[in-house]
2 protein chains.
Amino acid sequence: MIEVIAFDADDTLWHNESLFQETQARLTAILDRYAPHAEVEARLAETERRNIKLFGYGIKGFTLSMVETAIEISGRRIGAEEIHEIVMMGKAMLDAPLDLMEGVEQVLGELKRRHRLLLITKGDLLDQTNKVERSGLAGHFEAVEIVTEKDSTTYRAIFSRLGYAPEIAVMVGNSLPSDVLPMLEIGGHAVHIPYRVTAVFERHEAEIAHERFHALDSLRDLPDLLRRLHRI
Amino acid sequence: MIEVIAFDADDTLWHNESLFQETQARLTAILDRYAPHAEVEARLAETERRNIKLFGYGIKGFTLSMVETAIEISGRRIGAEEIHEIVMMGKAMLDAPLDLMEGVEQVLGELKRRHRLLLITKGDLLDQTNKVERSGLAGHFEAVEIVTEKDSTTYRAIFSRLGYAPEIAVMVGNSLPSDVLPMLEIGGHAVHIPYRVTAVFERHEAEIAHERFHALDSLRDLPDLLRRLHRI
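First things first, this report covers the structure right here in the doc. (Residues numbered from 1 in each chain as written. Chains lettered and ligands numbered in written order. Predicted model: local features only at pLDDT ≥ 70, side-chain atom pairs only at ≥ 80, totals over all residues. Heavy atoms only, no water.)

## Topic: the overall build of chain A
Phase 1 of the analysis: Looking only at helices and strands, one finds 9 helices and 6 strands in chain A.
Phase 2 of the analysis: Taking 17 Å as the expected radius of gyration for a compact globule of 232 residues, we find that chain A reaches 19 Å, a close match to that expectation.
Phase 3 of the analysis: A principal-axis box enclosing the C-alpha atoms of chain A has dimensions of 65 × 35 × 30 Å.
Phase 4 of the analysis: Buried positions account for 58% of the 232 residues belonging to chain A.
Phase 5 of the analysis: Looking at chain A alone, contacts between residues at least 24 apart form 69% of all its contacts between residues at least 6 apart.
Phase 6 of the analysis: When the accessible area of chain A is evaluated, it comes to approximately 10500 Å², of which 48% is carbon and sulfur surface.
Phase 7 of the analysis: Side-chain charges in chain A split into 27 positive and 38 negative, and the spacing between the mean points of these groups amounts to 2 Å. (Helix = DSSP H or I, 4+ residues; strand = E, 2+ residues; numbered from the N terminus. Rg over C-alpha atoms; globule rule 2.2 N^0.38 Å. Buried < 20%, exposed > 50% of the residue type's maximum accessible area, 1.4 Å probe, protein only. Contact = heavy atoms within 4.5 Å. Areas by Shrake-Rupley, 256 points an atom, 1.4 Å probe, with all protein chains shown as cover. Lys, Arg positive; Asp, Glu negative; His and termini not counted. Charge placed at Lys NZ, Arg CZ, Asp CG, Glu CD.)

Below is the structure:
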């Protein structure tokens, strides 16, 4: 019954949020003498929210938001040396080695024998293209879709263009608002695999009870779940 | 004979490079007391070249390169206030009203009566998506393709996916290396319409003599050219 498996990328196939969290920790250390860590974190989150429409999701926008936050929270007192360090932190993020989730290659290799696999990811086109290339996973996917917003309109358009009914497809990802809810909305299936660190804007408190919804602790459990679903 | 017309976007359908040039002029003014204007321009171009693989093409990367250049050329002496101003200049670019080339809507409206129109643009996914939306031109195009690199591989993939032979297609754009040369390479036609300001990395001195190549001064001349080609 499920022929198509679509995967989110960041924090589903490889680690991503941890890189942001580590960089944010370094920012709070740099700004230590201007404001308490919690205040820096709150101001950064506020700046990111304010900038999201202009910057979108991605490392370059995050870096500019860090610079903006540092200048504002220091009352314009921060030095050029420290701002330079923040810019270099952003560049290091863009250049960071890709850290695949445990078991990803094995799971994708197994699943592609019986299913069509898609990659549907949100974010900066160049960042995401680079990451897909560096991951070495591109060959597993029939299509790689990089989109600006993961909502029901986007999913409907992708499945329609590729000629698949959402009813025979499952979306696998770490985000309830981006991966799970819009997919259920258009009649598809969804598997939620929470990431160990969850971004502020990804937190979603509601419990989901839905016949086409499943939650897993690890990507490694996905082949088993699909086998069980096919047996029903 | 030509059924498909593909357009570049930045500096072909709307002004773009002029926004970069104006912002760069403001940067040289801010850095006036640290270095002569020509040196600032040269250092910025060098920083952009060094960062292009990490940042790609787009305003966010340009803004980060401006910040980096300002810090380095000032010998780490520039103040937070001035860096803040540079970041705000970048945000103003992202938010700038879209300035369509003269006659674009009329030309597209005329051409789409007999041809399939495509938009093929390079750059930041969110920036370009926002610009296409704000342009009000999206409805003219059968497909809008936002890509990370405009080379022969990219063009071949796009035309193949859409089911058009390059031989029945023309690419219209302001850049010889991005719009014209790769299109000629894959057997298609190309129309070059130079922009009044040309980015350093777009300059290309070679003259082109090719039976499938045409040069125009203005987009307004495109319908006439296509009529002439159909009569041959």
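## A short note on the interface of chain B and chain A
Phase 1 of the analysis: Across the contact, 35 residues belong to chain B and 35 residues belong to chain A.
Phase 2 of the analysis: A buried area of about 3000 Å², summed over both sides, lies between chain B and chain A, and 69% of it is on carbon and sulfur atoms.
Phase 3 of the analysis: Between the two partners, chain B and chain A, sit 4 salt bridges.
Phase 4 of the analysis: Joining chain B to chain A, the criterion identifies 10 residue pairs in polar contact (both at pLDDT 80 or more).
Phase 5 of the analysis: Looking at side-chain class alone, the side of chain B that touches chain A contains 16 nonpolar, 9 polar and 10 charged residues. (Buried area = accessible area lost by both parts, 1.4 Å probe. Salt bridge = Lys/Arg side-chain N within 4 Å of Asp/Glu carboxyl O. Polar contact = N/O pair within 3.5 Å; in protein donor to acceptor, adjacent residues only side chain to side chain. Nonpolar A, V, L, I, M, F, W, Y, C, P; charged D, E, K, R; others polar.)

## Examining helix H4 (residues 80-94) of chain B
All names here are of chain B.
Phase 1 of the analysis: With 15 residues, H4 should reach 21 Å at 1.5 Å per residue; the first-to-last C-alpha distance of 21 Å fits that figure.
Phase 2 of the analysis: Of all 15 residues that make up H4, 11 are buried, and the element is covered over most of its length.
Phase 3 of the analysis: Taken together, the buried positions of H4 are Ala 80, Glu 82, Ile 83, His 84, Ile 86, Val 87, Met 89, Gly 90, Lys 91, Met 93 and Leu 94. (Expected span 1.5 Å × (residues − 1).)

## Regarding the environment of Arg156(B)
Phase 1 of the analysis: Within the secondary structure layout, Arg156(B) lies in helix H7 (residues 152-162).
Phase 2 of the analysis: Along the chain, Arg156(B) and Gly187(B) lie 31 residues apart, while their C-alpha atoms are 9.6 Å from each other.

## A look at the relation of the copies chain B and chain A
Two copies of a chain can be linked by a rotation about an axis combined with a shift along that same axis.
Phase 1 of the analysis: Superposing chain B onto chain A takes a rotation of 180° combined with a translation of 0.0 Å along the rotation axis, leaving an RMSD of 0.0 Å. Those values place the two copies in the arrangement expected of a two-fold rotation axis. Nearest to the rotation axis, the C-alpha of Leu125(B) is located 2.7 Å from it, this being the minimum over chain B.
Phase 2 of the analysis: Looking at chain B, 100% of its interface residues are interface residues in chain A too, so the copies touch through the same face. (Least-squares fit on C-alpha atoms with pLDDT ≥ 70 in both.)

## Side note on the pattern of salt bridges
Phase 1 of the analysis: Tallied over the entire structure, the rule returns 30 salt bridges over all chains.
Phase 2 of the analysis: Close ionic contact of Arg116(A) with Glu142(A) constitutes a salt bridge, the shortest N to O distance being 3.0 Å. One end of the pair, Arg116(A), is in strand S2 (residues 116-122); the other, Glu142(A), is in the loop between helix H6 (125-135) and strand S3 (143-147), with 26 residues separating them in the sequence.
Phase 3 of the analysis: Here Glu142(A) falls in the partly exposed class, since its relative accessible area comes to 35%.
Phase 4 of the analysis: A single salt-bridge network, built from bridges that share partners, covers Glu46(A), Arg50(A), Glu68(A), Glu72(A) and Lys91(B).

## As for the sheet that holds strand S6 (residues 213-215) of chain B
Residue and element names in this part refer to chain B.
Phase 1 of the analysis: Spatially, S3-S2-S1-S4-S5-S6 is the arrangement adopted by the 6 strands of the open sheet, whose pairing is parallel. The open sheet has two edge strands, strand S3 (143-147) and S6, and neither has a second partner. Ignoring strand direction, the axes of neighbouring strands in this sheet form an average angle of 20°.
Phase 2 of the analysis: Where strand S1 (residues 4-7) lies against strand S2 (residues 116-122), 4 bridges are found, and the strand directions are parallel. (Pairing = 2+ DSSP bridges. Axes fitted to C-alpha atoms, helices over the stretch in contact; angles between N-to-C directions.)

## With respect to unusual backbone geometry
Phase 1 of the analysis: For Arg76(A), which is not glycine, the phi torsion reads 65° and is therefore positive.
Phase 2 of the analysis: Within the fold, Arg76(A) resides in the loop between helix H3 (59-73) and helix H4 (80-94).
Phase 3 of the analysis: For Asp11(B), which is not a glycine, the phi torsion comes out positive at approximately 70°.
Phase 4 of the analysis: Looking at where Asp11(B) falls in the secondary structure, it is placed in the loop between S1 and helix H1 (17-30).

## Some points on the nonpolar core
Phase 1 of the analysis: In terms of nonpolar packing, the biggest core is built from 52 residues, with Leu31(A), Ile78(A), Leu31(B) and Ile78(B) touching the most fellow members.
Phase 2 of the analysis: Of all the secondary-structure elements, those providing two or more residues to this core are helix H1 (17-30), helix H2 (37-55), H3 and H4 of chain A together with H1, helix H2 (37-55), helix H3 (59-73) and H4 of chain B.
Phase 3 of the analysis: Not counting residues up to four positions away in its chain, the partners in contact with Ile78(B) are Ala80(A), Leu31(B), Tyr34(B), Ala70(B), Ile71(B), Ile83(B) and Ile86(B). (Core = buried A, V, L, I, M, F, W, Y, C linked by side-chain atoms within 4.5 Å.)

## What about H7(B)?
All names here are of chain B.
Phase 1 of the analysis: Along H7, the positions that sit buried rather than exposed are Ser 152, Thr 154, Tyr 155, Ile 158 and Phe 159. The arc enclosing the buried residues of H7, seen along the axis, measures out at 160°, which places them on a common side. Facing away from the buried side of H7, by more than 90 degrees, are the exposed residues Thr 153, Ser 160 and Arg 161.
Phase 2 of the analysis: Those residues of H7 that are buried are in contact with S1, S2, S3, strand S4 (169-173) and helix H8 (176-185).
Phase 3 of the analysis: Backbone geometry just after H7 places Gly 163 at a positive phi near 80°. (Arc of directions from axis to C-beta.)

All we've got here are geometric facts, nothing functional implied.
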